[in-house]
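# Observations on the model geometry
Each chain, written out:
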Amino acid sequence: MDWPIAEVARMSGVTARTLRHYDEIGLLPPARIGANGHRYYEDRQLLLLQQILLLRALGLGLPEIGRILAEQVDEVEALRDHHRRLLAERNRLDTLAATVSRTIAELEQSRKDGTPMTAINRPENLFEGIQPAQYQESLRDFPEHAQEVARRVSEMTPQDVEAGQRERTAQMIRLAELMAAGHPADAESVQAEIDAQYRDLTALRTVTADEYRAIGRSCVDNDAWRAAYEAIAPGLAAYQRNAMDAYAAARLS
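Rules and cut-offs
- Residues numbered from 1 in each chain as written.
- Predicted model: local features only at pLDDT ≥ 70, side-chain atom pairs only at ≥ 80, totals over all residues.
- Heavy atoms only, no water.
- Pairing = 2+ DSSP bridges.
- Helix = DSSP H or I, 4+ residues; strand = E, 2+ residues; numbered from the N terminus.
- Core = buried A, V, L, I, M, F, W, Y, C linked by side-chain atoms within 4.5 Å.
- Buried < 20%, exposed > 50% of the residue type's maximum accessible area, 1.4 Å probe, protein only.
- Contact = heavy atoms within 4.5 Å.
- Arc of directions from axis to C-beta.
- Phe/Tyr/Trp six-rings, centres within 6.5 Å; stacked < 30°, edge-to-face > 60°.
- Lys NZ or Arg CZ within 6 Å of the ring centre and 35° of its normal.

### Topic: the sheet that holds strand β3 (residues 39-41)
- Spatial strand order, β1-β3-β2: 3 strands in an open sheet with antiparallel pairing. With partners counted over all chains shown, the strands left at the sheet margins are β1 (3-4) and β2 (32-33), one partner each.
- As paired strands, β1 and β3 are joined by 2 bridges and run antiparallel to one another. Residue pairing across strands places W3 opposite Y41, the latter belonging to β3.

### Side note on the nonpolar core
- V190, I194, Y212, I215, I232, L236 and Y239 are the most contacted members of the largest nonpolar core, which has 30 residues in total.
- Counting only elements with at least two residues in this core, the list comes to α8 (158-180), α9 (188-202), α10 (209-221), α11 (223-232) and α12 (236-252).
- A total of 7 residues in this core trace back to one element, the largest contributor, which is α12.
- With 20 residues, the next largest nonpolar core counts W3, I5, L19 and L69 among its residues.

### Comments concerning the side chain of Q51
- Mapped onto the fold, Q51 is located in helix α3 (residues 43-57).
- Among all residues touching Q51, those that are not within four sequence positions of it are L69, Q72, A78, L79 and H82.

### Digging into the environment of V8
- Its location among the elements puts V8 in helix α1 (residues 5-12).
- Once the C-alpha coordinates of V8 and Q45 are considered, the two residues, 37 residues apart in sequence, prove to be 9.9 Å apart.
- Sequence-distant contacts of V8, that is, excluding residues within four places in its chain, are made with W3, L19, Y41, L46 and L49.

### Quick word on α1
- Those residues of α1 not exposed but buried are I5, V8 and A9. One side of α1 carries all its buried residues, which in axial view fall inside an arc of 100 degrees. Exposed residues on α1 whose side chains face more than 90 degrees from its buried face are A6 and R10.
- Those residues of α1 that are buried are in contact with β1, α2 (16-24), β3 and α3.
- With its phi angle positive at about 80 degrees, G13 sits one or two positions after the end of α1.

### Regarding the packing of aromatic side chains
- Within this structure, the stated rule accounts for 3 aromatic pairs.
- Where Y198 meets Y212, the ring centres are 5.1 Å apart and the plane angle is 85 degrees; that geometry is what we call edge-to-face. Taken together, the residues span a long stretch of sequence, with Y198 in helix α9 and Y212 in helix α10 at a distance of 14 residues. Considered together, Y198 and Y212 belong to a single accessibility category, that of buried residues.
- An aromatic cluster is present here, built from Y198, Y212 and Y247 joined pairwise through their rings.
- Sitting over the face of the ring of Y40, R32 holds its NZ or CZ atom 4.2 Å from the ring centroid.

Below you can see the structure in the form of structure tokens.
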């Protein structure tokens, strides 16, 4: 039995246009093409499509999926591997949910007490459980930078990504400590931290002064970024923005 492309699209929730694209790049050729020019799929193609969609859900890009499918031989073993990936993803989501739950509890307690959260929180990794794709989404206002981030991430191991996330958290905590100590945003010690951040940023691509200021403003204007900073210390998002603005004025103009 085979199914026309429209029926496969309906069953899988994938558009016919996407299925045609998968065929064009050699990822999912149909079982046959009818005399009417329509694509038809059999059981084997449906199983392959299931694997593709599972891997996409896990955040893998099409080139990487193509490599995985080309290397696999046994379908049962491939499904076992996908099952292991899904279990790992479930654990990741559980970790992320626990991180969010902990932040909610701290905020609720702060409001209940009627006192601001003045202490600097020290999460082992503020971004634990958050995927690189979600960082790229938060960079949607900076498409060139987002593209370069995506390229770099594709070359990194999960351990490299985790190490980068932890270092970013450590940078934010160091800046929060300077803020808590009363150092103004343009103080030399603060600007030294910002300079290190700037060098990390420009290791990806050159950033103009105006773009750097715009990224600084996103620390406050972007909901996800602001929440990350404020989870460490109230006012840290604006402090980061002001420090970046001072850096741009002094060193990039």
